[in-house]
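Chains, contacts and geometry: an overview
Below are the chains, spelled out letter by letter.
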Amino acid sequence: MRSLPLPLALTARLSPVAVLACAGWVLTSGPATEAPDTAAAKDTRQTQSEETSGPASTAVTKTYTEAPTPCTSVATKTITSLVPGAKTAGKEIPSTDTEVRRTCSWNALKEFDYRWLDVSFEITESDDAAQTSYQERLKEKSGGGAVPGLGDEAYSVVNLTTEDKQQTREGVVIARVSNALVVVTYNGSDFESRKSPSTDVINKGAIKAAKDVVAALQKKSG
């Protein structure tokens, strides 16, 4: 008796190489299954890639972990120049967290001339956080300009206010140094003329104090 041809399914199980060579079978059977040795090679490459790259590091190195002492951050000669008659020791303003934020102020009235200076340190969690805070403060103090060469970036602005015909001119300098922010405020009034010091006097005074403060901060990280 003449043997009958084997069914196609059985032939495929018995002779996979011969069946895979048949174009009709390949077209009707859908995507080919990945060969075992190819899958193993892929797993090996993936494992090697993971071992090479390793897990992404989330640790952030902070240049400054705490705020320096603010009342010693401004040179004595700067204080006597900007705030005549003030006690050079200054007065630290109480803070809820002295590791993160510290402020010192000096003020004095000499004859009819009044001056006020305060400096603040603010320590953030990262350079990015400090930069975000810096940009937000610039939006609040618009109208000023950049201060080249002061920290990583710095900005100053001067504004004039008048109350009961008494003028007060105030300058603010904001500087970022890595993950720390420095904020200096300097203002003045003349109670005899009821005028204020010029923009140039206040702006240069605030920048002078800011340079002292930034230098003190950078010295701490050295």
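Since this is a predicted model, take the numbers as computed values, not measurements.

Although it is not a glycine, E111 sits at a positive phi angle of roughly 60 degrees. By the element assignment, E111 lies in the loop between β2 (101-110) and β3 (113-123). Of note, the phi angle at D164 is positive, near 55 degrees, even though the residue is not glycine. On the secondary structure map, D164 appears in the loop between β5 (153-163) and β6 (166-177). Given the relative accessible area of 64%, D164 is considered exposed.

Right, let's get into the pattern of salt bridges. Applying the stated rule across the entire model yields 8 salt bridges. The partner of E122 in a salt bridge is R101, with the nearest N and O atoms 3.9 Å apart. Here E122 is found in strand β3, whereas its partner R101 is found in strand β2, with 21 residues between them in sequence. A residue is classified by how much of its surface remains accessible, and R101, at 38% relative accessible area, is partly exposed.

With that settled, the discussion passes to the environment of T80. Looking at the element boundaries, T80 is found in helix α5 (residues 76-82). Considering only alpha carbons, one finds T80 and W106, 26 residues apart in sequence, at a separation of 10.0 Å. Of the polar contacts made by the side chain of T80, one reaches the backbone oxygen of K77; its length is 3.0 Å.

The buried category is assigned to E122, whose relative accessible area is 13%. A distance of 2.4 Å separates polar atoms of two side chains, one belonging to E122 and the other to R137. In this structure, E122 is in contact with V100, R101, S133, R137, N179, A180 and L181, ignoring residues within four places of it in sequence.

Another point: a nonpolar patch on the surface. There is a patch of nonpolar side chains on the surface, built from L109, F112 and F191 and spanning about 300 Å² of accessible area. Within the secondary structure, F112 is located in the loop between β2 and β3.

Let us now look at the environment of I93. You can see I93 is positioned in strand β1 (residues 91-93). Considering only alpha carbons, one finds I93 and S105, 12 residues apart in sequence, at a separation of 7.3 Å. Filtering out sequence-adjacent residues up to four positions away, I93 remains in contact with T103 and S105.

With that out of the way, let us pick up the nonpolar core. With 34 residues, the main nonpolar core has V83, W106, L117, L150, V182 and V184 as its most contacted residues. Elements with a minimum of two residues in this core: α5, β2, β3, β5, β6, β7 (180-190) and α7 (199-221). Sort the elements by how many residues they give to this core and α7 lands first, with 8 residues. Residues in contact with L150, not counting those within four places in the same chain, are V173, A175, A210, K211 and V214. Ranked by size, the runner-up nonpolar core spans 8 residues in total, among them Y134, V157, I174 and V183.

This next bit is on helix α6 (residues 127-140). Here α6 contains 14 residues, and its C-alpha end-to-end distance of 20 Å stays within 8% of the 20 Å for a straight helix at 1.5 Å per residue. Along α6, the residues that are buried comprise A130, S133, Y134 and L138. Viewed end-on, α6 has its buried residues packed into an arc of 145 degrees, placing them on one side of the element. Away from the buried face of α6 by more than 90 degrees, exposed residues D128, K139 and E140 are located. The elements touched by buried residues of α6 are β3, β5, β6 and β7.

Attention now moves to α7. With 23 residues, α7 should cover 33 Å at 1.5 Å per step; its first-to-last C-alpha distance of 33 Å lies within 8% of that length. Along α7, the positions that sit buried rather than exposed are I202, G205, A206, I207, A209, A210, V213, V214 and L217. Where α7 is buried, its residues contact α5, β3, β5, β6 and β7.

Below, the discussion takes up the pairing of β5. Of the pairings in the sheet, the one linking strand β4 (residues 145-146) to β5 comprises 2 bridges and is antiparallel in character. What sits directly across from A146, in β5, is Y155. In this antiparallel pair of consecutive strands, β4 and β5, the connection spans 6 residues, and G149 shows a positive phi of 75 degrees. In this structure, β5 lies alongside β6, joined through 11 bridges in antiparallel fashion. Residue pairing in the sheet places T161 in a bridge with T168 of β6. Taking the residues between adjacent antiparallel strands as the criterion, β5 and β6 are bridged by 2 residues, where D164 takes a positive phi near 55 degrees.

Thresholds applied
- Here, residues in each chain are numbered from 1, in the same order as that chain's written sequence.
- It should be noted that, the model being predicted, local features are given only for residues of pLDDT at least 70 and side-chain atom pairs only at 80 or more, the latter also being counted only at that level, while totals for whole chains, interfaces and linings use all residues.
- Think of the side-chain values as coming from all heavy atoms in the structure, minus any hydrogens and water.
- Put simply, DSSP H or I for four residues or longer makes a helix, DSSP E for two residues or longer makes a strand, and each gets a number counted from the N terminus.
- Think of it in three bands: with a 1.4 Å probe and only protein chains considered, a residue is buried below 20% of the maximum accessible area for its type, exposed above 50%, and partly exposed in between.
- Here, a salt bridge means any side-chain nitrogen of Lys or Arg that lies within 4 Å of a carboxyl oxygen of Asp or Glu.
- Definition of a polar contact: a pair of N or O atoms within 3.5 Å, with one able to donate and the other able to accept a hydrogen when the atoms are protein atoms, and with sequence-neighbouring residues admitted only if both atoms are side-chain atoms.
- In what follows, residue pairs with any heavy atoms lying within 4.5 Å of each other are defined as contacts.
- What makes a patch is a set of residues exposed beyond 30% relative accessible area and free of salt bridges, joined within 9 Å when like-charged and within 5 Å when nonpolar (Val, Leu, Ile, Met, Phe, Trp, Tyr).
- The method behind every accessible area is Shrake-Rupley, applied with a 1.4 Å probe, and residues are considered shielded solely by the protein chains displayed.
- As used in this record, nonpolar core signifies buried Ala, Val, Leu, Ile, Met, Phe, Trp, Tyr and Cys residues forming a set joined through side-chain atoms within 4.5 Å.
- Expected helix span is given by 1.5 Å per residue-to-residue step, counting one fewer step than there are residues.
- Directions from the helix axis toward the C-beta atoms define the arc.
- The rule for pairing is simple: two strands pair if DSSP sees at least two bridges between them.

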